[in-house]
Amino acid sequence: MSQAIGNTALAYARVWHHVDASERVLGKLAERIAIVLMGKHKPIYDPGADCGDYVVVTNARNIKVTGKKAQQLVYRHHTMFPGGLKEIQYKDMMRRKPDEIIRQAVSGMLPKNKLRERRLERLRIFSDDDMGVFQHNILKRWEDGTLPPRTN
């Protein structure tokens with residue numbers, strides 16, 4: 001008699017990743033962060049299960065964009081009052097809230113479903129080197145902005 005054994009708690013254990021955003025291109029970095037938040041880098045990935053890891057991003061103020069995006073990119077949100085559409089230029093957003101630039105880029109690359117907000121809660125973004133108490137949790141670092149190679 002055999003029993004089907006599912007994935008153990010160890011398979012779903014969450015790891016903390018550290019990413020240095022200095023001189024990284026926004027879109028490519030956001031794509032890799034989204035992959036880790038979803039858990040696609042793990043062999044147990046399931047679209048309906050939340051099996052992703054934590055990601056801590058530092059030096060968000062030093063991120064780059066390519067082409068003319070620095071002059072053309074506009075962030076919009078609505079206050080829900082009549083005539084409440086607000087537009088913020090990229091350079092103003094970089095000065096005020098550089099972490100929000102990365103958060104919105106990653107949010108756009110995550111699937112639009114009920115797990116999206118829960119995955120974004122595992123993303124911590126800091127505008128400089130100091131990450132506070134989270135530095136004790138870091139287990140993996142991305143030196144070049146890519147995922148570490150798989151060991152089999």
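Refer to the preceding data block for the structure.
My aim in this report is to walk through the structure given alongside it, one point at a time. (Residues numbered from 1 in each chain as written. Predicted model: local features only at pLDDT ≥ 70, side-chain atom pairs only at ≥ 80, totals over all residues. Heavy atoms only, no water.)

### A word on helix H1 (residues 26–38)
- Helix length check: H1 (13 residues) gives 18 Å between terminal C-alpha atoms against 18 Å at 1.5 Å per residue, within 8%.
- Listing the buried residues of H1 in full gives Leu 26, Leu 29, Ala 30, Ile 33, Ala 34, Val 36, Leu 37 and Met 38. (Helix = DSSP H or I, 4+ residues; strand = E, 2+ residues; numbered from the N terminus. Expected span 1.5 Å × (residues − 1). Buried < 20%, exposed > 50% of the residue type's maximum accessible area, 1.4 Å probe, protein only.)

### Quick notes on the pattern of salt bridges
- Counted by the stated rule, this structure contains six salt bridges.
- Taking the shortest distance from any N to any O, the salt bridge between Arg 119 and Asp 50 comes out at 3.7 Å. Here Arg 119 is found in helix H5 (residues 116–121), whereas its partner Asp 50 is found in the loop between H1 and strand E2 (54–58), with 69 residues between them in sequence. With respect to burial, Arg 119 and Asp 50 carry one shared label: buried.
- Glu 87 is the partner of Arg 76 in a salt bridge, and the nearest nitrogen-oxygen pair spans 2.9 Å. Separated by eleven residues along the polypeptide, Arg 76 in strand E3 (residues 74–78) and Glu 87 in strand E4 (residues 85–89) bring together distant segments of the chain.
- Through salt bridges that share partners, Arg 14, Asp 50, Arg 119 and Arg 122 make up one connected network. (Salt bridge = Lys/Arg side-chain N within 4 Å of Asp/Glu carboxyl O.)

### Things to note about the environment of Val 57
- Inspection of the secondary structure puts Val 57 in strand E2.
- Val 57 gets classed as buried once you look at its relative accessible area, which sits at 0%.
- For the pair Val 57 and Ser 22, spaced 35 residues apart in the sequence, the C-alpha separation amounts to 9.8 Å.
- Discounting residues that sit within four places of it in the chain, Val 57 has contacts with Val 19, Ala 21, Ile 33, Ile 102, Leu 123, Arg 124, Ile 125 and Phe 126. (Contact = heavy atoms within 4.5 Å.)

### With respect to the environment of Asp 20
- By the secondary structure assignment, Asp 20 is in strand E1 (residues 16–20).
- Distance from Asp 20 to Ile 63, taken between C-alpha atoms, is 9.4 Å for residues 43 residues apart in sequence.
- Those residues in contact with Asp 20 that sit more than four places away from it in its chain are Thr 58, Asn 59 and Trp 142.
- A polar atom in the side chain of Asp 20 sits 3.2 Å from the side chain of Ser 22.
- Looking at Asp 20, its side chain comes within polar contact range of the side chain of Asn 59, at 2.6 Å. (Polar contact = N/O pair within 3.5 Å; in protein donor to acceptor, adjacent residues only side chain to side chain.)

### Some points on the nonpolar core
- Ile 33, Val 57, Ile 102, Val 106 and Leu 123 are the most contacted members of the largest nonpolar core, which has 29 residues in total.
- Of all elements in the fold, only H1, E2, helix H3 (90–96), helix H4 (98–109) and strand E5 (123–125) reach the threshold of two or more residues within this core.
- With eight residues, the single largest contributor to this core is H1.
- Aside from chain neighbours lying at most four places away, what touches Ile 33 is Val 55, Val 57, Ile 102, Val 106, Leu 123 and Trp 142.
- Counting six residues, the second-largest nonpolar core is a separate cluster that includes Trp 16, Phe 126, Met 131 and Phe 134. (Core = buried A, V, L, I, M, F, W, Y, C linked by side-chain atoms within 4.5 Å.)

### Things to note about unusual backbone geometry
- A positive phi angle, near 60°, is found at Glu 23, a position not held by glycine.
- Its place among the elements puts Glu 23 in the loop between E1 and H1.
- Phi is positive for Asn 59, close to 60°, though the residue is something other than glycine.
- Inspection of the secondary structure puts Asn 59 in the loop between E2 and helix H2 (69–72).
- Using a relative accessible area of 7% as the deciding quantity, one classes Asn 59 as buried.

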